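# Breakdown of the fold
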Amino acid sequence: MSHFTNKLSIAALLAGTTLTFMASAGAQELRGWNQHAPDYPVSTAMERFAELVEERTEGRITADVFHNAELGEQDFAIEQMQFGGIDFAVFNMVPLNNIVPASQATTLPYAFRSLDHMHTVMDGEIGQEIGAAMEEAGMVALAWYDSGARSFYASVPLETIDDFEGLKIRVQSSDMFVALVEALGANATPIPFGELYSAIQSGVVEGAENNWPSYEYTNHYSVAPYYILDEHSIVPEIFAVSKPVWDGLSAEDQEIVREAALESQAFQREEWAKRDEESEKIVREAGTTVIEVEDKTPFIEAMQPVYEEFAADPVVADLLERIQNTE
Ligand code: GTR
């Protein structure tokens, strides 16, 4: 590097530092809650959102994502979001079940036929209506992330529906998921995600349910190496901004934030598809017993009581009917 360019780059560096300093001095800082490790598709997409927001507001708004549930477990984070203690987050729809009844239509077993079906529903009018219900509960829905299909796994052989009898299974805090597990003849125990590995290892529970990537990166497959692909729920995840925080943004910044969330959604879905495959491969290669379920009818039939209980709510019933009628 010549003396001249050297001097120039130092000048540029100094100018840049001053600019960054000026920008961050008056910047609004948003804190984002995230359940997962930094390389998980939800995490990298949230980081993408943060970059876009900072860039497009020219540093007026900065966004920091706290991974690995560093700001607290999911149920706590949901409460915080409702009054602005946390500014933005990505939540699974299941722990929202008890708070926003409309969310139940998206987590009822076998409500969505495929990931594509889920996308069509959530990206359309029904997704907007569910978003409006979320907003009444203090969270502005900006995008829907992927989370694959959830299936059961256990530390003991889990090969047919009969193996569920008497099994202790961890669920998220959702009355619907308690009912779903009980409909299979098992016992449900709500436990935070971060405590699940040791709960399985120490025998507090024998099983749980999740998608390939969560089953894989938490190493649950090493303590619960029987995975039965019943694929009971294709659950979307919500990218939301806390309503009090959202209301404090200018219309221009709201637009930037909304657009950034939607772009992060497209990125997340691509990353999800890749990670889903990779995780499945890792788990299978590790020697996990994976049971394919060719005919899901026994599971669908066993879960009917869940429909009777939760689709009795007229809001859920109406959403569900329209979900099922969406091509
Ligand atoms: C994951 C989801 C997390 C959390 C977790 C769980 O699939 O991405 O937000 O809900 O499941 O089971 O607690």
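Before any of the text, the structure's been laid out above.
This write-up is about the structure you can find in this document. (Residues numbered from 1 in each chain as written. Predicted model: local features only at pLDDT ≥ 70, side-chain atom pairs only at ≥ 80, totals over all residues. Heavy atoms only, no water.)

## A closer look at the overall build of the chain
From N to C terminus, the chain includes 14 helices and 11 strands. Computed over the C-alpha atoms, the radius of gyration of the chain is 22 Å, within 12% of the 20 Å expected from 2.2 N^0.38 for a compact globule of 327 residues. Overall size of the chain, expressed as C-alpha extent along the three principal axes, is 75 × 45 × 35 Å. Counting the 327 residues in the chain, one finds 52% classified as buried. Carbon and sulfur atoms form 52% of the exposed surface of the chain, whose accessible area is close to 14300 Å². Positive and negative side-chain charges in the chain, numbering 18 and 56 respectively, have mean positions lying 7 Å apart. (Helix = DSSP H or I, 4+ residues; strand = E, 2+ residues; numbered from the N terminus. Rg over C-alpha atoms; globule rule 2.2 N^0.38 Å. Buried < 20%, exposed > 50% of the residue type's maximum accessible area, 1.4 Å probe, protein only. Areas by Shrake-Rupley, 256 points an atom, 1.4 Å probe, with all protein chains shown as cover. Lys, Arg positive; Asp, Glu negative; His and termini not counted. Charge placed at Lys NZ, Arg CZ, Asp CG, Glu CD.)

## Points about the nonpolar core
In this structure, F91, L108, M139, F152, F164 and I238 are the most contacted members of the largest nonpolar core, which totals 62 residues. A per-element tally of this core places helix α6 (residues 175-183) first, with five residues. The residue makeup of this core includes at least three contributed by each of domain 1 (3-146 + 235-277) and domain 2 (150-234 + 286-325). The contacts of M139, once residues within four sequence positions are left out, are I78, M81, Q82, F91, L96, G131, M134, A240, V241 and K243. Among the nonpolar cores identified, the runner-up in size contains 28 residues, and F49, F88, V90 and W272 belong to it. (Core = buried A, V, L, I, M, F, W, Y, C linked by side-chain atoms within 4.5 Å. Domains from an automatic or database assignment. Contact = heavy atoms within 4.5 Å.)

## Some points on the packing of aromatic side chains
On inspection of all chains with the given rule, the structure shows 14 aromatic pairs. One aromatic cluster in this structure is built from Y153, W212, Y215, Y221 and Y227. For R48, the ring lying beneath its charged end belongs to F267, and the centroid distance is 4.0 Å. (Phe/Tyr/Trp six-rings, centres within 6.5 Å; stacked < 30°, edge-to-face > 60°. Lys NZ or Arg CZ within 6 Å of the ring centre and 35° of its normal.)

## Observations concerning helix α2 (residues 41-56)
Compared with the 22 Å implied by 1.5 Å per residue over 16 residues, the 22 Å span of α2 between its first and last C-alpha is a close match. Of the positions making up α2, those classed as buried are P41, V42, S43, A45, M46, F49, A50, L52 and V53. Each element contacted by the buried residues of α2 is listed here: β1 (28-33), β2 (61-66), β3 (88-92), β4 (139-145), β10 (237-242) and α11 (251-285). Just beyond α2, the residue with positive phi is E58, at close to 50°. (Expected span 1.5 Å × (residues − 1).)

## A few points about the side chain of R275
Tracing the chain through its elements places R275 in helix α11. Ignoring anything within four residues of it in the chain, the contact list for R275 reads D39, Y40, P41, P213, E216 and Y217.

## Comments concerning the site of the ligand
As a matter of local geometry, the ligand sits amid 13 residues, with H36, R170, Q172, N210 and E237 nearest to it. Between the ligand and Q74 there is a distance of 3.1 Å, counted from an oxygen atom to a side-chain nitrogen or oxygen. In isolation the ligand offers 320 Å² of accessible surface; the protein chains occlude 98% of this area. Looking at the shell around the ligand, its residues break down into one nonpolar, nine polar and three charged. Per-domain counts for the shell around the ligand show at least three residues from each of domain 1 (3-146 + 235-277) and domain 2 (150-234 + 286-325). (Near = heavy atom within 4 Å. Polar contact = N/O pair within 3.5 Å; in protein donor to acceptor, adjacent residues only side chain to side chain. Nonpolar A, V, L, I, M, F, W, Y, C, P; charged D, E, K, R; others polar.)

## Structural notes on the packing of helix α5 (residues 125-136) against helix α14 (residues 314-324)
For any two helices packed against each other, one specifies the crossing angle of their axes together with the interaxial distance. The contact between α5 and α14 brings their axes to 10 Å, and the two run at 155°. On the basis of their axis angle, the class for α5 and α14 is roughly antiparallel. When the axes of α5 and α14 are compared, the crossing they make is left-handed. Counting all contacts with α5, which are made through E125, I126, E129 and I130, the residues of α14 involved are L319, R322 and I323. Taken together, the residues of the contact of α5 with α14 break down into four nonpolar, no polar and three charged. (Axes fitted to C-alpha atoms, helices over the stretch in contact; angles between N-to-C directions. Parallel < 35°, antiparallel > 145°, perpendicular 65-115°, else oblique. Left-handed = near helix turned anticlockwise from the far one by under 90°.)

## A few points about the sheet that holds β10
Spatial ordering of the open sheet is given by β2-β1-β3-β10-β4, a layout of five strands whose pairing is mixed. The strands lining the two open edges of the sheet, one partner per strand, are β2 and β4. Geometrically, the sheet is characterised by an average inter-axis angle of 25° between neighbouring strands, direction not taken into account. Where β4 and β10 come together, six bridges link them in antiparallel fashion. Residue A141 lies in a different strand from β10, and its bridge partner there is A240. Docked against the sheet, helix α3 (residues 74-83) engages β1, β3, β4 and β10, running at close to 135° with respect to β3. α11 rests against β2, β4 and β10 of the sheet, and its axis sits at about 25° to β4. (Pairing = 2+ DSSP bridges.)

Remember that the coordinates give geometry; whether it matters functionally is a separate question.
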